[in-house]
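Residue-level listing of the chains:
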Amino acid sequence: MLVINNVSKEFGNFCALRNINLEFTNGVYGLLGPNGAGKTTLIKMITTLIFPTKGEILYNGIDIVKLDGKYRDRLGYLPQEFGYYKSYSPKQYLLYISALKGLVRHKAKNRVGELLKLVGLENVENKKMRKFSGGMIQRVGIAQAMLNDPKVLILDEPTAGLDPKERVRFRNLLAELSRDRVVILSTHIVSDIESIANEIIMIKDKTVLYKDSIKNICKIIQGRVYETEIDFDDAQNFRKEYLSLSEKQENGKLVVRFISEQSIENNWKSVSPNIEDVFLYVYNDENLVQES
Ligand SMILES: Nc1ncnc2c1ncn2[C@@H]1O[C@H](COP(=O)(O)OP(=O)(O)OP(=O)(O)O)[C@@H](O)[C@H]1O
Ligand SMILES: [Mg+2]
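Fair warning: this is a prediction, and the values are worked out from it, not measured in the lab.

Section: the overall build of the protein
Within the protein, the secondary structure is distributed over 11 helices and 14 strands. Along the longest, intermediate and shortest principal axes, the C-alpha atoms of the protein span 70 × 45 × 35 Å. Summarising the internal contacts of the protein: among those between residues at least 6 apart in sequence, 68% fall at separations of at least 24. Accessible surface for the protein amounts to roughly 15000 Å². Of this, 45% is attributable to carbon and sulfur atoms.

Spelled out as structure tokens, the structure:
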């Protein structure tokens, strides 16, 4: 449906992305990488806001630049910096965006009503957005991206600032939306896509390192993740020898989860890797922003 063919992007002399090859069918895709990895750059190319220096992006076999308006009619986009109007109600705002997008007034009214229900804001549809929580604003953002019932829905860092309850709601909404469209979302917070993405795309060194299901990606470090208890005094040496993934204090000891490439010791417990472990392993040498 959506195919990225050997796409590279340069800004002057700086290469932001190199030889990206990807294919998307209906479902949720999580674009994962630390700050500056190139997620927004890739997303902006998929939304035709910027153009590849090399390569092409095809929608149903045709270059999206050639499709132009026909492609954009099928595209929904929530930018990383989403601009809304605090003194508008969600209903006013969505009607305003509908007008900008050229929807006929009576159709727009119906669609806005449907969407407010879909994102669970019908009870506050006439309230000013000034007092909305991060999650409520984000749902307004998703609703505006959904106005034209897009076949390709792109969300750039949509989970920043959501509380746990809002995250669950967001997950369920995306699962529903992805039944009949491609949904691509970017994040540097692993736990946010762990349970919603059908596939994860990991960007490293300006290119795609992995594109696979979470289950398969976790296999990369299968058999190398352990947990053990150590004394606090030994922590520093331990970290020098092994890649520590997480640490917690328990009964005066330190329980560490770590990666070891070598043979197993007696008091180590082998554990199954999760996507967060893989993330830490893959981006070990980069500056990470970790949240949970
Ligand atoms: N218009 C531009 N001109 C020059 N360099 C740019 C431009 N846009 C992005 N870059 C550079 O390209 C790289 C990738 O940036 P991008 O914004 O795509 O990263 P990101 O993965 O979205 O990061 P974040 O998680 O912080 O949003 C960065 O080094 C950035 O400085
Ligand atoms: Mg970005």
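A few points about the pattern of salt bridges
Pairing between side chains becomes possible if they bear opposite charge and their charged atoms approach one another. Following the criterion strictly, the structure yields 11 salt bridges and no others. Across the pair arginine 181 and aspartate 180 runs a salt bridge whose closest N-O atoms are separated by 3.4 Å. Salt bridges sharing partners connect three or more residues here, namely Asp149, Asp180 and Arg181.

Some thoughts on the site of ligand 1
Close to ligand 1 lie 14 residues, the nearest being Gly36, Gly38, Lys39, Thr40 and Thr41. Measuring from an oxygen atom of ligand 1, one finds a side-chain N or O atom of asparagine 35 at 3.0 Å. Measuring from an oxygen atom of ligand 1, one finds a side-chain N or O atom of threonine 40 at 2.7 Å. Burial of ligand 1 by the protein amounts to 61% of the accessible area it has alone, namely 640 Å². Put simply, the parts of the chain that give the shell around ligand 1 at least two residues each are β2 (14-24) and α1 (39-46). Top contributing element to the shell around ligand 1 by residue count: α1, with three residues. Taken together, the residues of the shell around ligand 1 break down into five nonpolar, seven polar and two charged.

Focus on the coordination of the magnesium ion (ligand 2)
With distances of 1.9 to 2.3 Å, the protein atoms coordinating the magnesium ion (ligand 2) are Thr40 (OG1) and Gln80 (OE1). Highlighted residues: threonine 40 in helix α1 and glutamine 80 in the loop between β6 (75-78) and α4 (90-100), separated in sequence by 40 residues. Classification of threonine 40 as partly exposed rests on a relative accessible area of 22%.

Quick notes on the rules
Residues numbered from 1 in each chain as written. Chains lettered and ligands numbered in written order. Predicted model: local features only at pLDDT ≥ 70, side-chain atom pairs only at ≥ 80, totals over all residues. Heavy atoms only, no water. Helix = DSSP H or I, 4+ residues; strand = E, 2+ residues; numbered from the N terminus. Contact = heavy atoms within 4.5 Å. Areas by Shrake-Rupley, 256 points an atom, 1.4 Å probe, with all protein chains shown as cover. Salt bridge = Lys/Arg side-chain N within 4 Å of Asp/Glu carboxyl O. Near = heavy atom within 4 Å. Polar contact = N/O pair within 3.5 Å; in protein donor to acceptor, adjacent residues only side chain to side chain. Nonpolar A, V, L, I, M, F, W, Y, C, P; charged D, E, K, R; others polar. Donors = N, O, S within 2.8 Å, 3.2 Å for Na, K, Ca; no water. Buried < 20%, exposed > 50% of the residue type's maximum accessible area, 1.4 Å probe, protein only.

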